[in-house]
Structures are given as C-alpha cells and as structure tokens.
Amino acid sequence: MNRPARRVSASFCEWFFPLGIPLPWCQLVAEKKRFAAAVAGITFAVTMMLFQIGLQSALFSQVVAPIRQMRADVVVISSQFEYLGSSHEFPAVRLFSAEGDPAVVSGTSLNLGSLPFKNPNTGRARDIFCLAFNPTEKPFTNPEILAQQDKLKREGVVLFDQLSRPDYGPMAELLAKDSNGAVDSEINDHHVQIEGLFAMGVTFAADGNVLMGRETYLKVMPGARNDQISLGLITLKPGTDPIAAAAALDKRLPDDVSALSYDQFLEKEKQYWAERTPIGFVISASMIVSLIVGAVIVYQILYTDVTDHLPEYATLKSIGFTDGYFIRLVLQESLILSIFGFVPGLGLAAVLYWLTRTYAHMPAYLTLNNVAIIFSLSLGMCLLAGGLATRKLRHANPADIF
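Q: Please clarify how the overall build of the chain should be interpreted in this entry.
A: Looking only at helices and strands, one finds 16 helices and eleven strands in the chain. On C-alpha atoms alone, the chain measures out to a radius of gyration of 30 Å, which is more than a quarter above the 21 Å that the 2.2 N^0.38 rule sets for 402 residues. The proportion of buried residues among the 402 residues of the chain is 46%. Put simply, of all contacts in the chain between residues at least 6 apart along the chain, 77% involve residues at least 24 apart. Surface accessibility of the chain: about 19,300 Å² in total, with carbon and sulfur atoms responsible for 59%.

Q: Would you mind going over the nonpolar core with me for this structure?
A: Buried together is how nonpolar side chains tend to be arranged in soluble globular proteins. Ranked by size, the top nonpolar core spans 75 residues in total, and within it Phe140, Leu211, Leu231, Phe265 and Leu337 carry the most contacts. When residues in this core are grouped by element, the largest group, 15 residues, is from helix H3 (residues 32-63). What leucine 231 contacts, discounting residues up to four positions off in sequence, is Met70, Val75, Val76, Ile77, Phe81, Leu84, Phe90, Thr108, Ser109, Leu110, Leu112 and Phe265.

Q: Sorry if this is basic, but what is going on with the environment of leucine 253 here?
A: On the secondary structure map, leucine 253 appears in the loop between helix H9 (242-252) and strand S11 (257-261). Sequence separation between leucine 253 and glutamine 52 is 201 residues; the distance between their C-alpha atoms is 41 Å.

Q: When you look at unusual backbone geometry in this model, what are you seeing that I'm missing?
A: Excluding glycine, a negative phi dihedral is what most residues carry, and trans is how most peptide bonds are arranged. The residue histidine 88 is not glycine, and still its phi comes out positive at about 65 degrees. Relative to the helices and strands, histidine 88 is located in the loop between strand S1 (74-78) and strand S2 (90-91). Residue histidine 88 is classed as partly exposed on the basis of its relative accessible area of 33%. In this model, asparagine 188 sits at a positive phi of 55 degrees, which is unusual for a non-glycine residue. Structurally, the position occupied by asparagine 188 is in the loop between strand S6 (183-187) and strand S7 (190-198).

Q: Help me understand the side chain of glutamine 52 in this model?
A: Mapped onto the elements of the fold, glutamine 52 is located in helix H3. By relative accessible area, glutamine 52 is classed as buried at 9%. Discounting chain neighbours no more than four positions away, the residues touching glutamine 52 are Ile283, Ser286 and Met287.

Q: Is there a simple way to explain the pairing of strand S3 (residues 104-118) in this structure?
A: Within a regular strand, side chains alternate between the sheet's two faces. Pairing analysis gives six bridges linking S3 to strand S10 (residues 231-236), with the strands arranged antiparallel. Bridge pairing in S10 places serine 109 opposite glycine 232. Where S3 meets strand S4 (residues 125-133), eight bridges bridge the pair, whose relative direction is antiparallel. When the bridges of S4 are listed, lysine 118 appears paired with alanine 125. Here S3 folds back onto S4, and the loop between the two strands holds six residues, one of which, glycine 123, carries a positive phi near 80 degrees.

Q: Help me out: how do you make sense of the packing of helix H11 (residues 279-308) against helix H13 (residues 323-359) in this one?
A: A packed helix pair is summarised by two numbers, namely the angle formed by the two axes and the spacing between the axes. Axis separation between H11 and H13 bottoms out at 11 Å; the angle between their running directions is 140 degrees. In terms of their interaxial angle, H11 and H13 are classed as oblique. When the axes of H11 and H13 are compared, the crossing they make is right-handed. Here Val298, Leu302, Asp305 and Val306 of H11 come into contact with H13, specifically with Val330, Glu333, Ser334 and Leu337. Considering only residue class, the contact of H11 with H13 consists of five nonpolar, one polar and two charged.

So, how was this worked out
Residues numbered from 1 in each chain as written. Predicted model: local features only at pLDDT ≥ 70, side-chain atom pairs only at ≥ 80, totals over all residues. Heavy atoms only, no water. Helix = DSSP H or I, 4+ residues; strand = E, 2+ residues; numbered from the N terminus. Rg over C-alpha atoms; globule rule 2.2 N^0.38 Å. Buried < 20%, exposed > 50% of the residue type's maximum accessible area, 1.4 Å probe, protein only. Contact = heavy atoms within 4.5 Å. Areas by Shrake-Rupley, 256 points an atom, 1.4 Å probe, with all protein chains shown as cover. Core = buried A, V, L, I, M, F, W, Y, C linked by side-chain atoms within 4.5 Å. Pairing = 2+ DSSP bridges. Axes fitted to C-alpha atoms, helices over the stretch in contact; angles between N-to-C directions. Parallel < 35°, antiparallel > 145°, perpendicular 65-115°, else oblique. Left-handed = near helix turned anticlockwise from the far one by under 90°. Nonpolar A, V, L, I, M, F, W, Y, C, P; charged D, E, K, R; others polar.

Here's what the structure looks like:
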C-alpha cells in the first residue's frame, strides 16, 4: 500500500476507532441481550420492508403480465378504458382507420372478457379471463401461443393458461392422460375443448386465462359483435417514435378511442392499480410502519446505552472530549446495528420471496435496486435513531452527573 493510501486508511481508522479500539462494538456486545434485541428489531423492519417492496414490484409485474406478451408499438383503447379487466369495446373500424396511417405497418385486435369456466373434475364454475383474436394474426409474442394458435381456427377450441389458479382443475394432468390430447369443459355453459397449454400468469382481475379464436368468442360471450373490439394492437415501421405516432393517431381518431404507446399503456395499467385501488396505499403504509417500529427499537436501545454510560461519557467530557466525539460514537453503533440487522433481514426476505413464488405464483425476486433502497432506509432509520439518542448526552453537564 502506498503512502497516500496508508494515510487515508489511518485517517479513517482514527475517525472510526479514535481510542485505537472498536469502542462502539465493545459497548454494543457488552450487553448481549440488548444487542440481540436491537438486531432482531432491525431484522424485522428490514424483512418487512424488503418483502413489501418486493411484493409491490411483483404485484405490478403481475397485473401487466398479459400486456407484456402482446405484440404492439401503439395500443388503441376505448375512451372508457379503466384497466384490462374493464376495457370496454369500441368499433373495429377505428383500428382500420389507424392502419391507414403511413407510419403503421399492421394492426391486430383483441376481444377481452370474463366468463364462467367449469372445472372438468368438480363441475364447479369460476370466472376466467378470455382473450380472443383472429388465429391467422399474431397479436402475442409468447412462443407457446404462436406454436399452437392454429388450433384456435376450429370453433370451440381454447388454450388454457397453466399458471391459472388450481381451482380450475389440474389441466396439465388431464391433458397428459387424455389420448386425444383434449379436455372437455364449458365456458358460459357452452362446450369447449382445451387442446393446449401456455403460460401467461394471473392478475388481480383474473385468476386464470384462456385463449380462443374470435368465432368461439362470438359464440360464448353474450351480446358479442363481430364489429366490436377491446384492444387494437398496432405495429409501426422500424425507427418510428411510438410516443409521437400514438399522439398523432390520437388526434386523428374520434373521441370514443385513445391511442397510447406500448409503454404508456403499461403505465396506465399499473397506475390504475396503484392509485385507484388500496394496493399502493396498503403496501406503502406497511413499509412506513415497519420503518417506525425499527427506528423506535433502535432508539430505545441506544438511548438506554447512552444513559447507562453517562458517567463514563461525563468523565471523558471533563478531560476534553467534545460532543462531536460522542455523537460519532453513537452513530457508529447505529451503523454496526444497521449492518448486523440488514444481513439476516435480507436472508429472511429471500425465503419469503421463494415462498411467494412457490405458493402464490407471483414473480417476487430480490433486485439490486430494491436492496439498495431498503438498505438506505434502514441505515437512515438507525442513524436518525442514534442522533436522537444523543440528545441527553449533548445537554448533560459533567458537574451535574458527579
């Protein structure tokens, strides 16, 4: 190590351990039960915050799972569109009009709606989300759908989302057992045959999904009309700005529809669930509560530690140590606590994420961004609590203590 580097290292060590020994560490481990309680409190706060922020990311990823499999640069929707499960239909001629734009390569359409689906084993009906399209077109990017969508050309044939809730029946097992590779069921009391599986994922609006051709949709959906669609998916020429193209189309088209870029459409779906449902508020409130609980526990531990060592601190103040030294001492304890509490909290959160993926089928994963956010929050929580705990020391007079 060169001389400047040694000087920097020595300066850091002198700041962190001004007496030549790790005094903050010694003070913390001197009361092992108190130290364990502080670490447990921070671990709880970190685990809850990491789980909540991961759950929020998973929920927002889940609500747009069907959209992420759609092939589109611009999406045309009804002006009454709320979210994917309440999309409202509009005249198909609006999509035909949009296809006349010079920047547009092609347009495909989807019909969306929820209908009762009968479990082939139990006979119980439960609403399932239906996505219908012309099987000669390619509105989806999912290779499983592309490989099987020709089956949907036959009326009454559907594909089943294998990530649907178990309440719809063990479709993979039933298909494997059937010699013809088809399972009989009913959608809205109309006979259908399930002839394949794909993976899309459930959302807040749907516990399961099926794909069907438009002819099947017109048969099973009450009041469905061939000249009405739910979404218009537009592909643009390479190099075209989707936002600018969407804005231009939005001005051209009548007021009963709107045009959004694909990314804007994704954000609109997320925004609905974040702002117009309790989900966003509940998760944010849970994180704040966890943060407060952790801060209170750290404050109580550090305040008690300061109180117990007040005579020793007063002695040091009387021989020339400044308040700044004691503030650094307590803040160093806060830093140690935040690190010791964060590591097990990270491990517990990883376990919770695994359980969420396994049993709730939600895409909950540890991400570097979320870990950095929660570490910053936990560190700030501990430093704030440490700063508050030094108030009594800063106003203490050594003569009064003795």
